[in-house]
Amino acid sequence: DPDRWLDGTDEWTAYRRSEPYLRDLDAEARTDGRLFREFAGRLTPYLSGRRGVLYERFVEEWFRIDPEIRIHAANVQIHGSGRTLGQLDFVTEETGEPVTHTEVAVKYYLQTGAIHDLYRWVGTDLHERMDAKIAHMLFHQLPMSRTVEVQSLFSGKDAQPQRSIASVRGIL
């Protein structure tokens, strides 16, 4: 089980810390626009791809501008036994908090049956289901940071994940 799921309180706190930078970015975009062009330039390569990858880049930018968050790793492929085991979206450290492995996702689901039957909520390709995504996140993605492969990857560094959290956004 994850230590917690991100909720609106976490995001509101992060927004308040980042608000001065965002205001400067907005004001600067109205003048010469250099900061805004740099910001947009980091996202442009992801505009035509999958929405989940673009969402990850937005989250990374948010982490980057938050003065209380240090990014230790982003989109790290985990390998073991001659194959790819998975990927860590982010390993971050917020001031005064333990190093955290964060998985993020943006999903869109359509209800095709009873509201309480999560397997009846399907994604855009009808093969993706909400129950499968939740199970994958809870039982594969979030525990990934506790594997031997991840522990050895961060061994001797000050970036060993101490907890895992998830942030899933989208539309039902």
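Residues numbered from 1 in each chain as written. Predicted model: local features only at pLDDT ≥ 70, side-chain atom pairs only at ≥ 80, totals over all residues. Heavy atoms only, no water.

Engineer: Looking at this model, I keep getting lost on the packing of helix H2 (residues 34-43) against helix H3 (residues 51-65). Mind explaining?
Structural biologist: Relative orientation of the contacting elements H2 and H3 amounts to 145°, with a least axis distance of 10 Å. At the point where H2 passes H3, the crossing takes the right-handed sense. Along the contact surface, H2 presents Phe39, Arg42 and Leu43, while H3 presents Leu54, Arg57, Phe58, Glu61 and Arg64. In the contact of H2 with H3, the residues fall into four nonpolar, no polar and four charged. (Axes fitted to C-alpha atoms, helices over the stretch in contact; angles between N-to-C directions. Helix = DSSP H or I, 4+ residues; strand = E, 2+ residues; numbered from the N terminus. Left-handed = near helix turned anticlockwise from the far one by under 90°. Contact = heavy atoms within 4.5 Å. Nonpolar A, V, L, I, M, F, W, Y, C, P; charged D, E, K, R; others polar.)

Engineer: I keep staring at helix H4 (residues 130-141) and nothing clicks. Help me out?
Structural biologist: Helical periodicity: at 3.6 residues per turn, an α-helix aligns residues three or four positions apart in one direction. Of the residues making up H4, those classed as buried are Met130, Lys133, Met137, Leu138 and Gln141. Projection of H4 onto a plane perpendicular to its axis shows the buried side chains occupying an angular sector of 130°, all on one side. (Buried < 20%, exposed > 50% of the residue type's maximum accessible area, 1.4 Å probe, protein only. Arc of directions from axis to C-beta.)

Engineer: How should I be thinking about the pattern of salt bridges in this particular structure?
Structural biologist: If charged atoms from side chains of opposite charge come close, those side chains can pair. Taken as a whole, this structure holds 13 salt bridges when the rule is applied. Among the ionic pairs, Glu94 bridges to Arg17, the shortest N-O distance being 2.9 Å. With Glu94 in strand E3 (residues 83-94) and Arg17 in helix H1 (residues 8-29), the pair connects residues that are 77 residues apart, well separated along the chain. For Arg17, a relative accessible area of 22% puts it in the partly exposed group. Across the salt bridge formed by Arg57 and Glu56, the nearest N and O atoms sit 3.9 Å from each other. In the salt-bridge network here, residues are joined through shared partners; they are Arg42, Glu56, Arg57, Glu60, Glu61 and Arg64. (Salt bridge = Lys/Arg side-chain N within 4 Å of Asp/Glu carboxyl O.)

Engineer: Can you help me understand the packing of aromatic side chains in this one?
Structural biologist: Each pair of aromatic rings is reported with the distance of its centres and the angle of its planes. Inspection of the entire model under this criterion finds one aromatic pair. Both rings, one in Phe63 and one in Phe90, keep their centres 5.1 Å apart while their planes meet at 85°; by these two values the pair is edge-to-face. On the criterion of sequence distance, the pair formed by Phe63 in helix H3 and Phe90 in strand E3 is long-range, its members being 27 residues apart. Among the residues examined, Phe63 registers a relative accessible area of 12% and is labelled buried. Taking relative accessible area as the criterion, Phe90 reaches 0% and is therefore assigned buried. (Phe/Tyr/Trp six-rings, centres within 6.5 Å; stacked < 30°, edge-to-face > 60°.)

Engineer: What's the story with the side chain of Asp89 in this structure? I'm lost.
Structural biologist: Note on placement: Asp89 falls in strand E3. Buried charge without a salt bridge: Asp89, with Lys133 as the nearest opposite-charge side chain at an N-O distance of 7.1 Å. Apart from the residues lying within four places of it in its own chain, the contact partners of Asp89 are Glu56, Ala73, Ala74, Asn75, His101, Thr102, Glu103 and Val104. (Lys, Arg positive; Asp, Glu negative; His and termini not counted.)

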